[in-house]
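The lines below spell out each chain.
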Amino acid sequence: MSKTLIAIGVFGLSLAGALAAQNGNEKSGACDRACLEGFVDQYLDAVLAHDPKLAPLAKNVKFTENGQKLVIPDGLWNSMVGKGTYRLFVDDPQAGSVAFIGTMKEEGRTPDKPIAGVIALRLKLQNRQIAEVETFVVRNPDTAERLEKIGTPNHLFLDPAPEAQRMSRADLIKTANMYFSGMQQNDGKGVYPFSDDCNRIENGMQTTNAPLKEGQTRPNPATATNYSSAWGCKEQFQSGLLHFVTRIRDRRYVAVDQERGLVFSFVFFDHTAGKTRHFETPDGRAVVAGPTQPWTWEIAEMFKVENGKLRQIEAVLDRAPYGMTSGWSSWEDGMTDRARDVTTTGSR
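All values derive from a computational prediction rather than experimental measurement. (Residues numbered from 1 in each chain as written. Predicted model: local features only at pLDDT ≥ 70, side-chain atom pairs only at ≥ 80, totals over all residues. Heavy atoms only, no water.)

Asks: Go over the environment of D197 with me, naming the residues and quoting the values.
Replies: Considering the arrangement of structural elements, one finds D197 in strand β7 (residues 194-202). When the C-alpha positions of D197 and G232 are compared, they lie 7.9 Å apart, and in sequence the two are 35 residues distant. At a separation of 2.8 Å, a polar atom in the side chain of D197 contacts the side chain of S195. (Helix = DSSP H or I, 4+ residues; strand = E, 2+ residues; numbered from the N terminus. Polar contact = N/O pair within 3.5 Å; in protein donor to acceptor, adjacent residues only side chain to side chain.)

Asks: Let's hear about the layout of surface pockets: which residues, and what values?
Replies: In this model, the largest pocket occupies a volume close to 300 Å³. What lines the largest pocket is a set of 16 residues, among which E202, Y227, H271, W297 and L317 lie closest to the centre. Residue composition of the lining of the largest pocket, grouped by class: eleven nonpolar, three polar and two charged. (1 Å grid on protein atoms, 1.4 Å probe; cavity = no way out; pocket = protein on both sides within 12 Å on 5 of 7 lines; lining within 4 Å. Points joined across faces, edges and corners; volume = space filled by probe spheres on them. Nonpolar A, V, L, I, M, F, W, Y, C, P; charged D, E, K, R; others polar.)

Asks: Go over the pairing of strand β13 (residues 295-306) with me, naming the residues and quoting the values.
Replies: Judged by how many residues are buried, β13 sits mostly within the fold: nine of twelve residues are covered. As defined by bridge partners, strand β10 (residues 262-271) adjoins β13 across ten bridges and the pair is classed as antiparallel. In the strand pairing of β13, V267 is matched with I299. In sequence, β13 turns back onto strand β14 (residues 309-320) through a hairpin of two residues, with N307 there showing a positive phi of about 50°. (Buried < 20%, exposed > 50% of the residue type's maximum accessible area, 1.4 Å probe, protein only. Pairing = 2+ DSSP bridges.)

Asks: Mind laying out the side chain of T207, listing which residues take part and the relevant values?
Replies: With respect to the helices and strands, T207 occurs in the loop between β8 (205-206) and α6 (233-238). Separated by 2.9 Å, the side chains of T207 and R200 make a polar contact. Setting aside anything within four residues of it in sequence, one finds T207 in contact with R200, I201, E202, S229 and Q236. (Contact = heavy atoms within 4.5 Å.)

Asks: Give me the lowdown on the nonpolar core, citing residues and values where you can.
Replies: Nonpolar side chains in soluble globular proteins tend to be buried together. In this structure, Y179, F180, M183, F194, F269 and F303 are the most contacted members of the largest nonpolar core, which totals 34 residues. Elements with a contribution of two residues or more to this core: α5 (169-183), β7, α6, β9 (247-257), β10, β13 and β14. Residue contributions to this core peak at six residues, all from α5. Ignoring any residue separated from it by four or fewer positions in sequence, one finds F303 in contact with F157, A176, Y179, F180, G261, L262, V263, S265, L310, Q312 and I313. In terms of nonpolar packing, the next biggest core, distinct from the first, is built from 27 residues, Y43, V47, M80 and I130 among them. (Core = buried A, V, L, I, M, F, W, Y, C linked by side-chain atoms within 4.5 Å.)

Asks: Outline the state of the cysteines, supporting the account with residue identities and numerical values.
Replies: Per the stated rule, a full pass over the model turns up two disulfides. Each disulfide pairs two cysteine sulfurs, and for C31 the partner residue is C35, the sulfurs being separated by 1.8 Å. Residues C31 and C35 are joined by a disulfide whose S-S torsion is about -100°; by sign, that bridge is left-handed. Both residues of the pair, C31 and C35, count as buried. Disulfide pairing places C198 opposite C233 at an S-S distance of 2.2 Å. The S-S bond linking C198 to C233 shows a torsion near -75°; that makes this disulfide left-handed. Of the two residues, C198 is situated in strand β7 and C233 in helix α6; the sequence distance between them amounts to 35 residues. With relative accessibility at 2%, the residue C198 sits in the buried group. Take C233: its relative accessible area is 3%, and that puts it in the buried class. What links to what in the protein: the bonded cysteines, counted in sequence order, pair as 1-2, 3-4. (Disulfide = S-S within 2.5 Å.)

Asks: Lay out unusual backbone geometry in plain terms, naming residues and giving numbers.
Replies: The peptide bond linking I72 to P73 adopts the cis configuration, its omega dihedral lying at 0°. For P73, the position within the fold is in the loop between β2 (68-70) and α3 (76-79). The phi dihedral of N66 is positive, around 50°, even though this residue is not glycine. Considering the arrangement of structural elements, one finds N66 in the loop between β1 (57-65) and β2. For N66, a relative accessible area of 19% translates into the label buried. Phi angles above zero are rare outside glycine, and N127 is one such case at about 55°. When you line up the elements, N127 lands in the loop between β5 (115-126) and β6 (129-138).

Asks: Talk me through the pattern of salt bridges; I want residue IDs and the actual numbers.
Replies: Using the criterion set out here, one finds 22 salt bridges in the structure. The salt bridge involving E132 is made with R122; its shortest N-O contact spans 2.8 Å. Taken together, the residues span a long stretch of sequence, with E132 in strand β6 and R122 in strand β5 at a distance of ten residues. We note that E132, like R122, is buried. Three or more residues are tied together by salt bridges with common partners; here these are R33, D91, D257 and E259. (Salt bridge = Lys/Arg side-chain N within 4 Å of Asp/Glu carboxyl O.)

Shown next, in the form of structure tokens:
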């Protein structure tokens, strides 16, 4: 047999194998990174066009926006007029889930003045259809402007972990959850798994290791009465000055990317005010800090975990009605601080 015929035969076998694998994936509903991100684009394009027929929605798709159960097309489906350029994904092929933080635009008073905002989004796929849609819309133009200025996500969120160092799903979630447990009623004495160069971005602002402005003096954790954005991740936690975060609940881990070491969560931070504002630092100093009225933050927060350490953290957040839950939990689960991996168990 000639080399040409052998090559053709090998190519034919390879093509047949590829087609078989593709058909198998389609039948099983498997979806790789590019596929998952494509579903996000399909969904957002359909929202932008105000046309649900452009998205592969399951017949009984469940949809929430900012914790409220709605029926598609409603909420952002009515008001979105543009997509921004900031795009950050957490792809979870194993669970058929994808999470996303990105900028967008909503209708303004006049067509030439749209209002910028941010969307945190989770899609759950079943048989190549979108079965669950969870959206958290932060209608804050300043947040959107800051993310647009950043331009592209931190490279750490895109870098794969060396294969030998990749952590299990359970260990990635466990490490991320130590962040919330360490912040809740923070006493400065916990185990805080931060890398030395850990950094955090919240609503597009650097809230750790922030450069000082001209004339400013770096606060001293030994004398400060509020934590400072000039401090590092571990330094903030060891100060004990985050104690006024009285409860971090409805901790739902909705996407895990083992290849890149990423964990995406939706949670609520409660500040119960009153006596919880009065506490002692680890060295025994009495301080008063935190909101003066009951306050809840709704938060989408993602973590880059390397070698069992939190290295990069990014969050978008907005104030929510005090005690609000996600719309994906029972009331009991919504009020507990228990960590819940809902990537494989389902969110209904």
